[in-house]
Structures are given as structure tokens and as C-alpha cells.
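# Remarks on the overall topology
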Amino acid sequence: MEEAKPVTQWKDRIMPVLNSKAHEFRMLGYKKASTEDVWQCMQKKIWKNNPDKRLYEVVQDIFHLSNNQYVSFITVEAYQNDDLMASIEALKQGSESSD
């Protein structure tokens, strides 16, 4: 049986699983779902603090990732990655054009 390792060490071995999950989300209509997005979601929402897991546990976690968890993660990331200065500039331009 495989020994437990930090989940980040399994990334190369589980790429087919990540690809499969990203493909599943694209089939459900989330056209921009990517393998890297699924990986980031798992790391930030499911595997906080890089826990030690066996290979089958990592695969199971990925297959159990729900579309609700994924969409929640993507939404939060979009708000956190939003460029604050660009948002302020857009608001300024919007208010100037309405004057």
C-alpha cells in the first residue's frame, strides 16, 4: 500500500483525475473549468495545510468535489483577484460619464 504523503507531492500522479474532474465541470456548463483551477480549489478548500494522505484518499477527495464547492471557490477567487485600482478607475469613469 502507498504511504501517506503531503497532497502536493501527489500532483503529478493524479493529473488524469484532475483532468477528469475539470472535464466533468465543463460538461456541466462551466466552460472555463481547468485542471489548475480544480487543483487550487482542492488545496484551498479541501486540503488546507497540505495534509498527509494516501493516493486513494486524494483521488477520492477529488471525485467527491461538488460543483457547488467548485463554483463557490471560483467566485471567491474572482472577488479576491479583482484589481482594486481598475475597479476604482471604472467607477470614476462611470460617474464622470453620467455627469
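Residues numbered from 1 in each chain as written. Predicted model: local features only at pLDDT ≥ 70, side-chain atom pairs only at ≥ 80, totals over all residues. Heavy atoms only, no water.

## Overview of the environment of Trp39
- For Trp39, the location among the structural elements is in helix H2 (residues 35-46).
- On the accessibility criterion, Trp39 (4% relative accessible area) is buried.
- Residues Trp39 and Lys21, 18 residues apart in the sequence, show an inter-C-alpha distance of 9.8 Å.
- Sequence-distant contacts of Trp39, that is, excluding residues within four places in its chain, are made with Val7, Thr8, Lys11, Ile14, Leu18 and Trp47. (Helix = DSSP H or I, 4+ residues; strand = E, 2+ residues; numbered from the N terminus. Buried < 20%, exposed > 50% of the residue type's maximum accessible area, 1.4 Å probe, protein only. Contact = heavy atoms within 4.5 Å.)

## Details of the side chain of Lys21
- For Lys21, the position within the fold is in helix H1 (residues 15-27).
- Judged by its relative accessible area of 1%, Lys21 falls in the buried class.
- Residue contacts for Lys21: discarding those within four places in its chain leaves Val38, Ile62, Phe63 and Leu65.

## What about helix H3 (residues 55-63)?
- Those residues of H3 not exposed but buried are Leu55, Val58, Asp61 and Ile62. For H3, the arc enclosing every buried residue in end-on projection is 130°, short of the 170-degree limit, so these residues lie on one face. (Arc of directions from axis to C-beta.)

## Concerning H1
- Here H1 is 13 residues long and its end C-alpha atoms lie 18 Å apart, about the 18 Å a rise of 1.5 Å per residue gives.
- Every buried residue of H1 is listed here: Val17, Leu18, Lys21, Ala22 and Phe25. The buried side chains of H1 occupy one side of the element, clustering within an arc of 135° when seen end-on. In H1, those exposed residues whose orientation departs by more than 90 degrees from the buried face are Pro16 and Met27.
- On the buried face of H1, the contacting elements are H2, H3 and helix H4 (67-81).
- One or two residues past the end of H1 sits Gly29, with phi positive at roughly 110°. (Expected span 1.5 Å × (residues − 1).)

Interpretation in functional terms is not warranted from these geometric data alone.
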